[in-house]
Amino acid sequence: MTVAVETGLWQLDRTASTVAIKHKTMWNLVTVNGTFAITGGGGEVLPDGSATGTLTLDAASLDTKHAKRDKHLHGADFFDAENHPEITFAVRGAELRDGDTVDVNGQLTVRGISRPTTLTARLTDAGADALTLDAEFTVDRGQFGLGWNQLGMIRGLTTVTATLRFSRTPA
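Residues numbered from 1 in each chain as written. Predicted model: local features only at pLDDT ≥ 70, side-chain atom pairs only at ≥ 80, totals over all residues. Heavy atoms only, no water.

**Some details on the overall build of the protein**
Cut-off, in case you're wondering: Think of it this way: any DSSP run of H or I at least four residues long counts as a helix, any run of E at least two long counts as a strand, and we number them from the N terminus. Between buried and exposed lies partly exposed: a residue is buried under 20% and exposed over 50% of the maximum accessible area for its type, with that area taken using a 1.4 Å probe on protein chains only. Any pair of residues with heavy atoms lying within 4.5 Å of one another is described as a contacting pair. Per-residue and other accessible areas were derived by the Shrake-Rupley procedure at a 1.4 Å probe size, with only the shown protein chains allowed to occlude residues.
From N to C terminus, the protein includes 1 helix and 9 strands. Within the protein, the fraction of its 171 residues that count as buried is 40%. A sequence separation of at least 24 residues applies to 56% of the contacts in the protein between residues at least 6 apart. Here the protein displays about 9500 Å² of accessible surface, and carbon together with sulfur accounts for 52% of that area.

**Remarks on helix H1 (residues 67–74)**
Under the convention used in this document: To be clear, the arc concerns the directions from the helix axis to the C-beta atoms.
Of the residues making up H1, those classed as buried are Asp 70, Leu 73 and His 74. Down the axis, H1 shows its buried residues gathered within 95° of arc, on one side only. The exposed set on the far side of H1, more than 90 degrees from its buried face, consists of Lys 68 and Lys 71. Elements that come into contact with the buried residues of H1 comprise strand S4 (51–63).

**Some points on the environment of Thr 120**
With respect to the helices, strands and loops of the structure, Thr 120 is situated in strand S7 (residues 113–126). What Thr 120 contacts, discounting residues up to four positions off in sequence, is Thr 101, Val 102, Asp 103, Ala 135 and Glu 136.

**Structural notes on the pattern of salt bridges**
For the record, the criterion: Think of a salt bridge as a Lys or Arg side-chain nitrogen and an Asp or Glu carboxyl oxygen that are within 4 Å of each other.
Here the structure, examined in full by the defined rule, presents 5 salt bridges. Between Arg 97 and Glu 95 there is a salt bridge, with the nearest N and O atoms lying 3.1 Å from each other. Its salt-bridge partner being Arg 97, residue Asp 103 comes within 3.0 Å of it at the nearest N-O pair. With relative accessibility at 28%, the residue Asp 103 sits in the partly exposed group.

As structure tokens, this is what we get:
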């Protein structure tokens, strides 16, 4: 059974949404977890059921609960937040498939470098005025200029987990 999502404009509820990352470091002995502050987001569901939209994160907001590490991550070795303050995901197309599965095609921009990104999200709640999407996908940080890796400590892919709550904008 496929759920229908109302057409129109949808605004991201930043207070009910989260974007987090997880990466193994210290030669896969330690998992670093962090969250970003979401600065904006929204989208449009078109009459054919497809959707487009954007999500914007504050690059300097990454919080791993370790101040010295966070300062390093915000700096030039990683996110270079002073020169690239935003991380964006522009959804070029999203389509609801087979019940609650959403195929998403978009463009992820980190550190001023944009790459096409496809992922599968799950529609976990959908009503006439609100919906929630959950997604988990991996990113190769090296493709975005985040290649710092002293002594080979940081290997593998970074996992991104997002729960995004949207409210329908009144017509």
